[in-house]
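Chain and residue survey
The primary structure of each chain is shown beneath.
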Amino acid sequence: MTSHSITHEDEFRAGRELSLDHRKLGMWLFLASEVMFFGGLIGTFLHYKATVPSPESAELDTVLVGINTFILVTSSLMVVLGLDSIRRGNRRGLLTYLGLTALLGAVFLGGQGYEFVSLYGHGITLTSSVFGSSFFTLTGFHGLHVLIGVAWALLTLGKALRGKYSAEDHVGVEAFGLYWHFVDIVWIVLFTIIYLI
Amino acid sequence: MKERTPLVIVHVTVALLAAGFWVAQNVNLMPAEASTRAALVDQLFRAMLGLAAVIFLLVEGLLLYSVLRFRRPRGDEGDAVPVHGNRALEIVWTVIPALIVVVIGFYSFRVLAASETREADPIVVNVNSRQFSWSFEYPAEGVTSTDLHLPLGRQARFLITSADVIHSFWVPEFRVKRDATPGQIAELLVTPSRLGTYPVRCAELCGVGHASMGLTSQVVVESPDDFQRWVEQTRALSGDPVTAFNTLGCNGCHTLAAAGAIGVVGPALDGIGQRAASTVPGQDAATYIRTSMVKPGDHVVPGFADNVMPRDFAQRLATEQLQAMVDFLMAQ
Amino acid sequence: MTSESIAAKPVPAWRRYFGWSTDHKVIGLQYLVTSFFFFLVGGAMAGMIRTQLLAPDSTLVSAEAYNRLTTNHGSVMLFLWILPVLAGLGNYLIPLQIGARDMAFPRLNALSFWLLVPSGLLMLASFFVGAAEAGWTAYVPLSVAGPDGQTLWAISVVLLGTSSMMGSINFVTTIFTMRTAGMTFWRMPLFTWSMLATSILVLTATPVLTAGLVLIAMDRLVGTLFFSVSAGGDPILWQNLFWFYSHPAVYIMVLPAMGAISEIFPVFSRKPVFGYKMIAFSSLAISLLGLTVWAHHMFTSGMDPRLRVPYMISTMIIAVPTGVKIFSWLATIWGGKLRLDTPMLFALGFISMFLIGGITGVFLAAIPIDLHVHDTYFVVAHLHFVLFGGSVSGAYAALYYWYPKITGRRLDERLGKVHFAANFIGTNLAYLPMFLAGLLGMPRRVVNYDPRFTELNQLASLGAFLLAASVLPFLYNVIVSWVSGPKAGDNPWQAKTLEWKTTSPPPAHNFDMPPVVTEGPYDYGEAAQGSLTPSPSAAGD
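Fair warning: this is a prediction, and the values are worked out from it, not measured in the lab.

Broken down by element type, chain C carries 16 helices and one strand. Its C-alpha radius of gyration of 23 Å places chain C within 12% of the 24 Å reference for a compact globule of 541 residues. Sequence separation of at least 24 residues holds for 82% of the intrachain contacts in chain C that already meet a minimum separation of 6. As displayed, chain C offers around 16200 Å² of accessible surface, 69% of which is attributable to carbon and sulfur atoms. For chain C, the distance from the average site of its 30 positive side-chain charges to the average site of its 25 negative ones is 7 Å.

Printed below as a string of structure tokens:
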């Protein structure tokens, strides 16, 4: 059998000419599909917000969740700082900021859990009304994405600890960062349409 | 060869257009036109059919001609003369279809607007659908029926809804349908233009009785006098259990000779009066019949499905109506 | 960067096809065979349906069983046959056509196939617990109340959509980042272009269906009130979520088939494709326009009457890029030196039958006509002309064309022609009468019908049985030729796209030397200047 070498650089030359890293492109495409998935759920929420009266939405705790939103946005800043660190070869900075990202993400989830429990206490549940169904499904799927993100942050942290990333090659961190920012942006949209308007 | 080409194109074009016109004038694929909008729809359809004939003959003709004329000559393994494109031709076959589309779109819009224009003093009919029958309620006339009677020439304003799943109210001779969606009322305007009796069909899959849903109803377009007579007759019969049997939709699922009902989704009711006493041990006939109407899940006749018969007859019927129905069925 | 050395695995060739492989060629073939199996399953269901419909009041099949048959016939054919067979072709061909070694994400690729298998089995398993019976369109509230199989159906479709999206992430990334030297976008084969256009739709539209299915599943499993009318739920919401995907889905199902026949016409006419760029652009145009038309399935729903018109317009506009393709194909074969081998026959049949499907699509776009024929056999006829006369013919054309490359053998031409004739006659016989039945008043999804439609239904059933029979020469041909057909050689069709510049079948790494491209994929008739760097055939591969 013939055996030969094809280097990675050769394989993805076309991508490099377009300044596209295939792993990042793959992530962008995945995120595009995720945007459409949330779009379907957001459309559902907005449709029912407009057509079915929901007096129970007065129980939403805008202040608490507003603070929670700030926490999630801050966690995105942590990712930016972490990426900036590793670009300059600062491995310790990356570790710190990844840790903070995961921590803030977990705090966000805690805050969401508190809001959910509080609403349940007021009789607003997944099955109590159309509002309840669409609220908890939409924010629930978002929370699931945050949870996956926190796990991913920790996995990335683990890889960073083992020295997998350098100033020259940290595509994995960038890919994680893209995902985390997406989760954050989706939340900003959700917070706006659920709590603010 | 090149000098003949424009002549060939002209001849072919004329032949195609002639074929198209002929098709548009002579090919009728539709059932009878029984509404004013049907006439408009059919004109649009025939025009489009003529156009479709032209396009179809053109493309298939070119295809067939090419297959016959341009077959590889035996032994010729070479390539053909390369032609990568022709800007003018590509523009032509983009612009002409675009223009055709604009014309069809505009014409369709005109037909639509004309079909849905409100006229004064329409006759209002509430179309109430449920699994698996139609009920037509005339609020102004104060009658309800499983048949849709309409006076000729007067616009009917249908207000269509469903009590359970989505159905679709379709009268092919009217050329229009509208979905019956639970929780919503859809309006449909039709002006009947031809005397006669026409089928009404359910056009949205609604369960096991979907195909048989239209069997129990028909559309009757009659003169205003005949329509008035029918209203009065129906009003007189409104307490009658046979009428109730049909307007409540029992005929959608059950067979009962006395009511002319031929439904097959549920058990046949001929002879129910004889069987009722011995169907459920310990239950006398009247109790069995009443229970099977208001709590149908208590005893499901073998061979038939549970969860199909509506469970709300206790709410829908007044006590006297329920008793009248039980008495009626006891006598069958 | 370390270089990767690719050594062949010491596993008997046939065994690789039953296990986890990251080779796109193995995965592609796994897709092709698996989806063809489901084609036969869906076809068997069709056979039962058409047998039931031989008589207007037949009791062969109960109403309940009939609703389950029609629901699963549609679902199996769309989700488990057409979508995966075209994805399988894409999988096999894209790296070869662009001169790459494999897909960008080989393990993701394997995963997307291995998601397909259990999902398909799950859909079939639903028959054990009461199969879905609300139509492949699963309108609510009917589907929320249905038997347990409806939940399995919903889960199955979600998984299949996920598999589909994974595939498209691979296709787009591979096309953008792995084209070989000299393969500019304007030198890419049209099949690859069509897979690019298709993938845009997959990634944009599928997730919306997923969202809708999640809502149905939650209503069924957890008791949410999304489609509970008494709580304020809106059945029309489901229709919007469903059709937002399911309309683009039909373009997902036809664009690759169109791409395949765009490959076949130049080869079998020995002429360049006429209007290459316009065909590429038209694929993109159909793709993007296809995202804007979904509510033309809802003209009778009671939706705001004013909103219907923009959808009519956008739907009719799609006829324009479609026409561009058809005329470009005609201009390609015009003046050519036509070789009427089986792939070419199926490609010609595609134009002939897709034309009918496409024209009747414009009829359906015209709102006044749609209000009459929506949800009737007119639609059933239209959809089968585009999907069977179109996509399936295109798939057959592709399979006959690329079979030698995939297997290294030639298919028997006489059997191929018999298959084509039976397929062409069967398709027309089965579906032309249905147009008439719909116009005259026969609704869809009916277990029994008005006796006035009897002759039309009997003709249709006859055509369907002919179609069923037509599969036999194909199956026989494929199996026997694989074992003992004549060897194909590298390039039996003397085509110019890159997949033909390597052996049949290709080695695991596709090309011994990464090809360098200096001319377009359809430059027939040109003097051979700077043709592709020849790759030496590996002996006995």
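Relative to the elements of secondary structure, C:R444 occurs in the loop between α15 (413–440) and α16 (454–484). Here C:R444 occupies a buried position and makes no salt bridge, while the nearest side chain of opposite charge, C:D375, is found at 4.4 Å. Residues within four places of C:R444 in sequence aside, it is in contact with B:H210, C:D375, C:T376, C:Y377, C:V379, C:V380 and C:L383.

Attention now goes to the sheet that holds strand β10 (residues 201–202) of chain B. All names here are of chain B. Here we have three strands laid out as an open sheet, ordered β7-β6-β10, and antiparallel in their pairing. The open sheet is flanked by β7 (176–180) and β10, the only strands paired with a single partner. Across five bridges, the pairing between strand β6 (residues 167–171) and β7 is antiparallel. The residue bridging W170 from the neighbouring strand is K177, located in β7.

If you look at the interface, chain B gives 75 residues, while chain C gives 87 residues. Roughly 6800 Å² of surface becomes buried between chain B and chain C when both sides are summed, with 69% attributable to carbon and sulfur atoms. A per-residue breakdown of the area chain B buries against chain C is headed by B:F70, B:W93 and B:L205, which together make up 10% of the total. Inspection of the region where chain B meets chain C yields five salt bridges. Among the salt bridges present, the one from C:R270 reaches B:D79, with a minimum N-O distance of 3.3 Å. Where chain B touches chain C, the interface holds 21 residue pairs in polar contact (both at pLDDT 80 or more). Broken down by secondary-structure element, the contributors of at least two residues to the side of chain B that touches chain C are α2 (36–69), α3 (87–115), β7 and β10 of chain B. Counting residues per element, the side of chain B that touches chain C draws most heavily on α2(B), at 16 residues.

What follows deals with the pairing of strand β11 (residues 218–222) of chain B. All names here are of chain B. With four of five residues buried, β11 is to be regarded as a mostly interior element. Relative to β11, strand β4 (residues 148–151) is paired through four bridges, and the arrangement is parallel. By the bridge assignment, P151 is partnered in β11 with E222.

The subject of this paragraph is unusual backbone geometry. With an omega of 0°, the peptide bond between C:V140 and C:P141 qualifies as cis. Of note, C:P141 is situated in the loop between α4 (106–125) and α5 (142–145). The peptide bond linking C:S504 to C:P505 adopts the cis configuration, its omega dihedral lying at -10°. The phi torsion at B:N307 lies on the positive side, around 65°, for a residue other than glycine.

Once that is clear, we can look at the pattern of salt bridges. Counted by the stated rule, this structure contains 29 salt bridges over all chains. Across the pair C:E64 and C:R68 runs a salt bridge whose closest N-O atoms are separated by 3.7 Å. In this pair, C:E64 and C:R68 are both assigned in helix α3 (residues 63–98), four residues apart and thus about one turn of the helix distant. For C:R68, a relative accessible area of 16% gives the class buried. Ionic pairing is found between C:D412 and C:R414, a salt bridge with its closest N-O pair at 3.5 Å. Judged by its relative accessible area of 66%, C:R414 is exposed. Each of B:R37, B:E116, B:R178 and C:R308 takes part in one network of salt bridges that share partners.

On to the interface of chain A and chain C. Each partner contributes to the interface: chain A provides 40 residues, whereas chain C provides 46 residues. Of the roughly 3600 Å² buried between chain A and chain C on both sides combined, carbon and sulfur atoms contribute 70%. For the pair chain A and chain C, the interface holds six residue pairs in polar contact (both at pLDDT 80 or more). Of all elements in the fold, only β1 (5–6), α1 (8–11), α2 (13–17), α3 (22–51) and α6 (130–161) of chain A reach the threshold of two or more residues within the side of chain A that touches chain C. Ranked by residue count, the leading element in the side of chain A that touches chain C is α3(A), at 14 residues.

So, about the packing of α3(C) against helix α6 (residues 149–177) of chain C. All names here are of chain C. As a packed pair, α3 and α6 sit with axes 11 Å apart at the nearest point and diverge in direction by 15°. One way to sum up the angle between α3 and α6 is to call them roughly parallel. Remark: the crossing between α3 and α6 carries left-handed chirality. On α6, the residues touching N72, S75, F79, L80, A87, G90, N91, I94 and I98 of α3 are W153, V157, L160, F171, T174 and I175.

Residues and elements named next belong to chain C. In this structure the tally under the stated criterion is 72 aromatic pairs over all chains. Ring centres 5.1 Å apart and planes at 70° place the aromatic pair F244 and W294 in the edge-to-face group. Of this pair, F244 sits in helix α8 (residues 235–269) while W294 is found in the loop between α9 (276–290) and α10 (305–317), placing the two residues 50 residues apart along the sequence. When sorted by exposure, F244 lands in the same class as W294, which is buried. When the ring centre of F185 is taken as origin, the NZ or CZ atom of R179, which lies over that ring, is 4.0 Å away. Note that K277 overlies the ring of W186, its terminal NZ or CZ placed 4.8 Å from the centroid.

It is a general feature of regular strands that their side chains alternate between the two faces of the sheet. Residue and element names in this part refer to chain B. With six of seven residues buried, strand β5 (residues 156–162) lies mostly within the body of the structure. Two strands pair when backbone bridges link them, and strand β1 (residues 123–130) and β5 are joined in this way by seven bridges, in the parallel orientation. Paired with I123 across the bridge in β5 is A156.

Okay, the sheet that holds β5(B) next. Residues and elements named next belong to chain B. One open sheet holds the five strands; their spatial order is β3-β2-β1-β5-β8, and the pairing between them is mixed. What marks the edges here is a single partner per strand, and that holds for β3 (143–145) and β8 (186–190). Geometrically, the sheet is characterised by an average inter-axis angle of 25° between neighbouring strands, direction not taken into account.

Moving on: the confidence of the model for chain C. All names here are of chain C. Of all residues in chain C, 95% have pLDDT values of 70 or greater, and the mean over the chain is 94. Low pLDDT, under 50, characterises residues 1–8; the predicted model gives this stretch 15 contacts beyond four residues in sequence or across chains. Across residues 528–541, confidence stays below pLDDT 50; counting only partners more than four residues off in sequence or on other chains, it has 24 contacts. Predicted as a complex, the structure gets a pTM of 0.93 and an ipTM equal to 0.94.

All names here are of chain B. Within helix α6 (residues 272–279) the residues assigned to the buried category are I272, G273 and A276. Axial view of α6: buried residues confined to an arc of 90°, hence all on one face. The exposed residues of α6 that point more than 90 degrees off its buried face are Q274 and S278. Elements in contact with the buried residues of α6: α7 (285–294) and α9 (319–330).

What follows covers the arrangement of the chains. Taken together, the two pairs of chains in contact show their highest number of contacts between chains B and C. Left apart from each other, chain A and chain B have a closest C-alpha approach of 12 Å.

So, on to the nonpolar core. In terms of nonpolar packing, the biggest core is built from 305 residues, with B:F158, B:F169, C:W238 and C:W402 touching the most fellow members. The leading source of residues in this core is α8(C), at 22 residues. When residues no more than four places from it in sequence are discounted, the contact partners of B:F158 are B:V125, B:V127, B:L148, B:L150, B:F169, B:A186, B:E187, B:L188 and B:V190. Ranked by size, the runner-up nonpolar core spans 23 residues in total, among them B:A285, B:I289, B:M293 and B:M325.

What counts and how
- Residues numbered from 1 in each chain as written.
- Chains lettered and ligands numbered in written order.
- Predicted model: local features only at pLDDT ≥ 70, side-chain atom pairs only at ≥ 80, totals over all residues.
- Heavy atoms only, no water.
- Helix = DSSP H or I, 4+ residues; strand = E, 2+ residues; numbered from the N terminus.
- Rg over C-alpha atoms; globule rule 2.2 N^0.38 Å.
- Contact = heavy atoms within 4.5 Å.
- Areas by Shrake-Rupley, 256 points an atom, 1.4 Å probe, with all protein chains shown as cover.
- Lys, Arg positive; Asp, Glu negative; His and termini not counted.
- Charge placed at Lys NZ, Arg CZ, Asp CG, Glu CD.
- Buried < 20%, exposed > 50% of the residue type's maximum accessible area, 1.4 Å probe, protein only.
- Salt bridge = Lys/Arg side-chain N within 4 Å of Asp/Glu carboxyl O.
- Pairing = 2+ DSSP bridges.
- Buried area = accessible area lost by both parts, 1.4 Å probe.
- Polar contact = N/O pair within 3.5 Å; in protein donor to acceptor, adjacent residues only side chain to side chain.
- Axes fitted to C-alpha atoms, helices over the stretch in contact; angles between N-to-C directions.
- Parallel < 35°, antiparallel > 145°, perpendicular 65-115°, else oblique.
- Left-handed = near helix turned anticlockwise from the far one by under 90°.
- Phe/Tyr/Trp six-rings, centres within 6.5 Å; stacked < 30°, edge-to-face > 60°.
- Lys NZ or Arg CZ within 6 Å of the ring centre and 35° of its normal.
- pLDDT = per-residue confidence, 0-100.
- Arc of directions from axis to C-beta.
- Core = buried A, V, L, I, M, F, W, Y, C linked by side-chain atoms within 4.5 Å.

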